Amino acid sequence: MTGAASDAVARAAAVVRERLGNRRPTVAIVLGSGLGGLADRIADPIRIGYGDIPGFHVPTVEGHRGELVVGTLGGKTVIGQSGRFHMYEGHSADEAALPVRVFRALGVETLVVTNAAGGIRRTFSAGTIMLISDHINLTGRSPLIGPVRPGETRFPDMTVAYDADLRTAARATAERLGIPLAEGVYVGLLGPTYETPSEVRMLERLGGDAVGMSTVAEVIAARAGGMRCLGFSTITNPGAGISPMPLSHAEVMEIAGRMGDRVGRLIEGVVAPL
Ligand code: HPA
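About the thresholds
Every chain begins its residue count from 1, and numbering advances along the sequence as written. At least 70 in pLDDT is required for a residue's local features to be given in this predicted model, at least 80 for side-chain atom pairs to be given and counted, and no such filter applies to totals for whole chains, interfaces and linings, which use all residues. Just so you know, side-chain values use all the structure's heavy atoms and leave hydrogens and water out. Working definition: helices are DSSP H or I runs of at least four residues, strands are E runs of at least two. Numbering for both runs from the N terminus. Only protein chains enter the accessibility calculation, which uses a 1.4 Å probe; a residue whose area is less than 20% of its type maximum is buried, one above 50% is exposed, and one in between is partly exposed. Nearness here has a simple test: a residue counts as near a molecule or strand if at least one of its heavy atoms is within 4 Å of that partner. As used in this structure description, the phrase polar contact means that two N or O atoms lie within 3.5 Å; if the pair is within protein, one of them must be able to donate a hydrogen and the other to accept it, and residues adjacent in sequence are counted only when both atoms belong to side chains. Every accessible area reported is derived by Shrake-Rupley at a probe size of 1.4 Å, with residue values counting cover from the shown protein chains alone. Amino acid classes used here: Ala, Val, Leu, Ile, Met, Phe, Trp, Tyr, Cys and Pro are nonpolar; Asp, Glu, Lys and Arg are charged; the rest, including Gly, are polar.

Novice: Lay out unusual backbone geometry with the relevant residues and their values.
Specialist: Following G191, the chain continues to P192 via a peptide bond in cis, the omega torsion being -5°. The residue P192 is located in the loop between β7 (182-188) and α4 (197-205) in this model. One non-glycine residue, D44, lies in positive phi territory at about 50°. Positive phi outside glycine occurs at T215, with the angle close to 75°. Among the structural elements, T215 can be located in the loop between β8 (210-212) and α5 (216-224). Of the residues examined, T215 reaches a relative accessible area of 2% and is grouped as buried.

Novice: Tell me about the site of the ligand, and please be specific about residues and values.
Specialist: The full set of residues close to the ligand is A116, A117, G118, Y194, E195, V211, G212, M213, T236, N237, L247 and V252. Interatomic distance of 3.4 Å between a backbone N/O atom of A116 and a nitrogen atom of the ligand. Contact distances for the ligand include 2.7 Å between a nitrogen atom and a side-chain N or O atom of N237. Contact with the protein chains covers 96% of the free accessible surface of the ligand, which is 260 Å². Looking at the shell around the ligand, the elements that each hand over two or more residues are β5 (110-119), β8 and β9 (228-238). At three residues, the largest contribution of residues to the shell around the ligand is made by β5. Across the shell around the ligand, the residue classes break down as seven nonpolar, four polar and one charged.

The values reported here are purely geometric and, on their own, carry no functional implication.
What follows is the structure in structure tokens.
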């Protein structure tokens, strides 16, 4: 274990723990682009700005707030991460995964990831919500490179990276709430360009259903630490070339923001009985 990397987790966790008082979050929710509004569902919140947490960088991307929000959702104490560290911002995979490792150090056992993504599957349209069944890491990076961190395994099994029971619960919640829910494979790329039409066709042949620029490093670190993962992609646009429309971050944020309430209700329904 590199002293530096484990120290970064311990230092950040110590500051956050101090601010938690007697709150003990068991679920962490990573809020994707435009989905920060989801944090507003968290009741009795305390907010911890990234500026106060050692090693946490203030986000450079519009739509990411830069704070942790601790409170209750569905009767559970949760910690929401509003603002993630993307590798395209210049962060290493290790930095992208730092918050997840801090959550585990705080005792969190379940990680819920959300993101905005382009639709590869032809039947997906803007506003489709996709439960992530699996992912393909095409970033070429891993947060596990280097010495094994305390509590993590060298060669984590990824056969069921997205927990089967949580997915069953998500499908049941969607059914109960009348929220249409697709399910498919998320492909994580480095970005920050959107894909070319040829790349989208390639990803389709590789078995991808949605494509984005986040999530995979976080889930890899979570699995290495034995956390259970659940993920939702909001499809904000058909992938490049599927529709003739050019892609824009403004459109991504607008659609993601509009679907945030539904994604929030799904997450609340899943975490309540945990
Ligand atoms: N590609 C990659 N990331 C994205 C997209 C996309 O089309 N839409 C939202 N995030």
